Amino acid sequence: MTAGDPSALDGVEALPERVRLFHIGPPKTGTSNLQATAAVNRERLLDAGVLYPGSGISQRSAVASMLGRAVTFEHPKGVEVRQPPSPKRWNAMMAEIEADHERRIWFGHEYAAGAAPDQVKQFVDSIGPRIHVLVTLRSFTRMMPSVWQQYNKAGNRASFDPYAKKVLSMDAEARAKAQFHLRHDHGALVRRWADAVGPENMTVVILDPHDHRFAFHAFEHLLGLEEGFLAEARPEHRGVNRSMSMAEIELLRQLNRAIREQDVRWEDYEYLLTVGGYTRMLVHRRPGESEPPLEFTPESAELANQHAERIVGELQQTGVRLIGNVEHLLEPARVRPEGTPPHTEITEVPIDAAVQLVLGTFAAATGLNSEFEPIERGSTSWNFMTRSRIQSLPTEELQRELKRRNPGGVRQYWRRLTGAVRRRVRGIVSRA
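Not measured: the values here are computed from a predicted model.

### Some thoughts on the sheet that holds strand 2 (residues 50-51)
Part 1 of the reasoning: The six strands lie next to each other as 2-3-1-4-5-6, forming an open sheet whose pairing is parallel. Only two strands of the sheet have a single neighbouring strand rather than two, namely strand 2 and strand 6 (321-323).
Part 2 of the reasoning: Taken together, the three bridges between strand 5 (residues 202-206) and strand 6 define a ladder with parallel strand orientation. Following the sheet pairing, Val-205 is matched in strand 6 by Ile-323.
Part 3 of the reasoning: Docked against the sheet, helix 4 (residues 88-99) engages strand 1 (20-23), strand 2 and strand 3 (104-107), running at close to 160 degrees with respect to strand 3.

Below, the structure written as structure tokens:
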């Protein structure tokens, strides 16, 4: 089976009708692009016999609520109280799924890859016997730097080299307890879920680094969709998640360090940088040849390669269906050239990177998306903006805003925003 060979999908038949396809990631395996494509094609999918529940890009809040996981960063000043989404998020999603008696269901979020064994059982019991778990995988050696970069987009302030050395040097006992390995020790991840659902109810799609449409075609086969239904419908600029250069990484990391020392709420951070700042930079800029990417030290590269080989061996013993070329999971780690300093020693960044980051943030701050276009009502970006603005209102103005937005259902709308009011009050109390 060669790279980019369409025969990798030969014989892949559609899953049973009314199957509940739970895509658990893990992170940095094309999940953002798949989710964005599903979200903007939600109505087309429905007509084609596939329900993609909810109204946002993914089912992140629902999955986080089952895990009891907050989606905010931990503020050093204790200004923000970290609370997971309400369990109502998961219940509402499952109510929508239970109400559909005809279609295949496609849902999930990469947070689920971090589920401990007891949480895996909770997911399986709640979703029911028609569950089929899908995992998308890429090479561990190429995934790990990308994962650390993703942490940067969630307020990370740490540096890569010490982190990689620590994570890669863990023994089996330490790996079993570490959050990183819970998600990214892929052999253990697949075995954990296969033990819960049975290997016959689990599929692993191995991404093809030479064919970025491969995962879309795999989903088309599994969901009984026409060829090209997803691959040809990817939204422009949505789900763009290229790797950053070390200069861009350090720009964002230093920004995170400065932001976290201020009285900044997660909602504002997520909205201004996700909708605007770094999204604009990733879309409108390509690093020059003089900007090296994030790569391993020779010592860490050797350890990463060993992990990749171990993972593939364990994966092949799980008995689950593998779609794609296993050799893609064994790509060697990229080693930083001798003499190249770590990102923490970068003191200057290209001016166009800073300009695009500031420009995108400015766009979001003025209520536009990173392209300086109006944000579509009901989109995830709209939800980010609305939540951020509502939670910034003084408490006495909230009720007036409710009446303006929904004069016929103030009581219902008030219940939905009770959590926002409570967080507002807790923030005031914590500063008193």
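### Quick notes on the nonpolar core
Part 1 of the reasoning: Counting 71 residues, the largest nonpolar core has Phe-22, Trp-90, Phe-123, Phe-140, Trp-193, Met-202 and Phe-296 as the members making the most contacts within it.
Part 2 of the reasoning: It is helix 14 (residues 298-315) that contributes the most residues to this core, seven residues altogether.
Part 3 of the reasoning: Counting residues in each nonpolar core, the second largest holds 26 residues, with Leu-15, Leu-21, Leu-230 and Ile-323 among its members.

### So, the packing of aromatic side chains
Part 1 of the reasoning: Enumeration over the complete set of coordinates arrives at 12 aromatic pairs.
Part 2 of the reasoning: Taking 6.1 Å as the distance between ring centres and 40 degrees as the angle between the ring planes, the aromatic pair formed by Phe-123 and Trp-193 counts as tilted. Of this pair, Phe-123 sits in helix 5 (residues 117-127) while Trp-193 sits in helix 10 (residues 186-197), placing them 70 residues apart in sequence.
Part 3 of the reasoning: Their ring planes at 65 degrees and their centres at 5.6 Å tell us that Trp-148 and Phe-160 sit as a pair that is edge-to-face. Here Trp-148, found in helix 6 (residues 140-152), pairs with Phe-160, found in helix 7 (residues 160-168); they are 12 residues apart in sequence, far enough to count as distant.
Part 4 of the reasoning: Trp-148 gets classed as buried once you look at its relative accessible area, which sits at 1%.
Part 5 of the reasoning: Its relative accessible area of 0% is what places Phe-160 among the buried residues.
Part 6 of the reasoning: The positively charged end of Arg-44 is found above the aromatic ring belonging to Phe-229, 4.0 Å away from the centroid.
Part 7 of the reasoning: Across from the ring centre of Tyr-111, 3.5 Å away, lies the NZ or CZ of Arg-69, which sits over that ring.

### Let's talk about helix 6
Part 1 of the reasoning: With 13 residues, helix 6 extends 19 Å from end C-alpha to end C-alpha; this agrees with the ideal 18 Å at 1.5 Å per step.
Part 2 of the reasoning: Within helix 6, 11 of the 13 residues are buried, leaving the element largely enclosed by the surrounding structure.
Part 3 of the reasoning: By the burial criterion, the buried members of helix 6 are Phe-140, Thr-141, Arg-142, Met-143, Met-144, Pro-145, Ser-146, Val-147, Trp-148, Gln-149 and Asn-152.

### Digging into the pattern of salt bridges
Part 1 of the reasoning: In this structure the tally under the stated criterion is 16 salt bridges.
Part 2 of the reasoning: For Arg-175, the salt bridge identified is with Asp-185, shortest N-O distance 3.4 Å. Residue Arg-175 is located in helix 8 (residues 172-175), and its partner Asp-185 is located in the loop between helix 9 (179-184) and helix 10; the two are separated by 10 residues in the primary sequence.
Part 3 of the reasoning: Accessibility expressed as a relative area gives 15% for Arg-175, which makes it buried.
Part 4 of the reasoning: Residue classification places Asp-185 among the buried positions, given a relative accessible area of 6%.
Part 5 of the reasoning: What you see here is one network of salt bridges that share partners, running through Arg-175, Asp-185, Arg-310 and Glu-314.

### Regarding the pairing of strand 5
Part 1 of the reasoning: With five of five residues buried, strand 5 lies mostly within the body of the structure.
Part 2 of the reasoning: Of the two faces of strand 5, the one holding Met-202, Val-204 and Ile-206 and the one holding Thr-203 and Val-205 are both buried throughout.
Part 3 of the reasoning: The pairing of strand 4 (residues 131-137) with strand 5 spans five bridges and is parallel. Note on strand 5: the bridge partner recorded for Val-133 is Met-202.

Definitions and limits used
Residues numbered from 1 in each chain as written. Predicted model: local features only at pLDDT ≥ 70, side-chain atom pairs only at ≥ 80, totals over all residues. Heavy atoms only, no water. Pairing = 2+ DSSP bridges. Helix = DSSP H or I, 4+ residues; strand = E, 2+ residues; numbered from the N terminus. Contact = heavy atoms within 4.5 Å. Axes fitted to C-alpha atoms, helices over the stretch in contact; angles between N-to-C directions. Core = buried A, V, L, I, M, F, W, Y, C linked by side-chain atoms within 4.5 Å. Buried < 20%, exposed > 50% of the residue type's maximum accessible area, 1.4 Å probe, protein only. Phe/Tyr/Trp six-rings, centres within 6.5 Å; stacked < 30°, edge-to-face > 60°. Lys NZ or Arg CZ within 6 Å of the ring centre and 35° of its normal. Expected span 1.5 Å × (residues − 1). Salt bridge = Lys/Arg side-chain N within 4 Å of Asp/Glu carboxyl O.

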